[in-house]
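Observations on the model geometry
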Amino acid sequence: MNIFKKLAVTTAIAVSLAASPSLATERIALVVKSLGNGFFDAAAKGAEKAAAELGDVEVIYTGPTAATAEGQIEIVNSLIAQNVDAIAISSNDPDALVPALKKAMDRGIKVISWDSGVAQDGRMVHLNPSDTGLIGETIIKLAADYLPEGGDVAILSASSTATNQNAWIDAAKEILPTKFPNINLVSVVYGDDDSVKSTNEAKGLIANHPDLKAIIAPTTVGVVAAAQVVTDMDLIGKVNVTGLALPSEFKKFIDNGSSKAVALWNPIDLGYSAVQISHQLIKGAKAEAGATFSLGSVGEITLDDTGSAAMAAPFQFDASNIEEFSKIY
Ligand code: RAM
């Protein structure tokens with residue numbers, strides 16, 4: 001008899017002990033497009049770094065197994081049920097997440113998007129890694145720099161609804177005719193940030209476009225898959241792979257010549273900054289046009305009239321520097 005009473009009391013104490021520190025702790029959920037992506041693992045490292053600097057901040061690193069909006073909606077709903085203090089999301093779709101994120105904001109949860117945005121009414125702040133137009137131009141230039149005569153290029157993207165890749169591809173298409181008139185974009189395909197699908201899409205591009213000179217993959221998952229295909233099919237020197245790549249994952253393809261150069265920004269700084277912004281919103285900062293947010297050791301940003309801000313210019317990696325950066329991210 002008493003044993004049950006004792007157990008109940010012990011459990012109650014255990015619950016209250018666990019609950020009391022977490023009452024003071026801010027819980028910030030870092031929701032990524034999908035788990036198992038090295039880019040997001042690096043961002044999570046930065047998020048942890050910010051949490052450690054701020055103190056009393058817990059980062060919940062989470063995301064679906066596949067890069068879908070449906071998977072993220074389920075996660076957002078469960079974070080609402082857990083009553084987290086903030087949700088910082090890299091979204092698989094600009095619109096599909098809005099109702100769930102609105103519900104979160106209605107409950108007092110602060111919501112930001114980072115890396116890949118949601119529409120303005122689904123978040124308070126959006127943090128771009130870099131200027132969208134500049135990224136669009138950079139990914140084309142990376143191919144054009146090694147094609148003095150011009151030629152056919154194709155894009156292997158992430159998912160067809162990814163806000164960030166779609167914005168970069170639109171920006172690239174816009175400047176192509178004026179800035180790169182001899183570069184011919186023959187196709188855009190989607191590998192969903194999934195290695196197997198990206199590999200198959202890269203093979204399809206090569207089969208369907210015999211004169212293809214470059215594959216541009218503005219995704220760290222797609223770019224590795226494409227370079228592996230070019231390597232395996234003995235196409236090094238014929239098809240140059242470029243785009244946005246994580247140096248630690250991509251160094252071997254600069255080394256083997258399947259790629260001349262790629263670009264990216266610092267994903268650790270991006271995750272770090274997302275947590276810094278979330279923390280300031282929790283502390284009462286207002287997300288309005290002209291508002292300035294500190295990014296801790298990274299600097300600061302000022303919101304434009306869409307509640308967005310951009311970080312630094314993308315950085316280029318080639319044989320001269322990829323070794324050094326591959327040790328960092
Ligand atoms: C992939 C993801 C991410 C993107 C990078 C460049 O890891 O699609 O959203 O920013 O590539």
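See the structure above.
Below is a summary of the structure that appears in this document. (Residues numbered from 1 in each chain as written. Predicted model: local features only at pLDDT ≥ 70, side-chain atom pairs only at ≥ 80, totals over all residues. Heavy atoms only, no water.)

1. Examining the sheet that holds strand β5 (residues 125-128)
Taken together, six strands build an open sheet; the order of strands is β2-β1-β3-β4-β5-β13 and the sheet is parallel. Of all the strands in the sheet, just β2 (57-62) and β13 (308-310) have a single pairing partner and so form its edges. Geometrically, the sheet is characterised by an average inter-axis angle of 20° between neighbouring strands, direction not taken into account. With four bridges joining them, strand β3 (residues 86-89) and strand β4 (residues 110-114) adopt parallel strand pairing. Within β4, the position partnered with I87 by the bridge is V111. Contacts between helix α2 (residues 38-54) and the sheet are confined to β1 (26-31), β2 and β4, with β2 contributing the most and set at about 170° to the helix. (Pairing = 2+ DSSP bridges. Helix = DSSP H or I, 4+ residues; strand = E, 2+ residues; numbered from the N terminus. Axes fitted to C-alpha atoms, helices over the stretch in contact; angles between N-to-C directions. Contact = heavy atoms within 4.5 Å.)

2. Overview of the site of the ligand
What surrounds the ligand is a group of 13 residues, the closest being K33, D115, Q165, D193 and T220. At 2.6 Å from an oxygen atom of the ligand is found a side-chain nitrogen or oxygen belonging to D115. With respect to the ligand, the side chain of D193 contributes an N or O atom lying 2.6 Å from an oxygen atom. Here the ligand has 290 Å² of accessible area as a free molecule, and 100% of this is covered by the chains. Given that more than half its atoms are within 2 Å of the pocket grid, the ligand belongs to the largest cavity. Of all the secondary structure elements, the ones that give two or more residues to the shell around the ligand are α2 and α6 (163-179). Looking at which element gives the most residues to the shell around the ligand, the answer is α6, with three residues. By residue class, the composition of the shell around the ligand is five nonpolar, five polar and three charged. Mapped onto the domain boundaries, the shell around the ligand takes at least three residues apiece from domain 1 (6-128 + 266-312) and domain 2 (132-264). (Near = heavy atom within 4 Å. Polar contact = N/O pair within 3.5 Å; in protein donor to acceptor, adjacent residues only side chain to side chain. Areas by Shrake-Rupley, 256 points an atom, 1.4 Å probe, with all protein chains shown as cover. 1 Å grid on protein atoms, 1.4 Å probe; cavity = no way out; pocket = protein on both sides within 12 Å on 5 of 7 lines; lining within 4 Å. Sits in = over half its atoms within 2 Å of the grid points. Nonpolar A, V, L, I, M, F, W, Y, C, P; charged D, E, K, R; others polar. Domains from an automatic or database assignment.)

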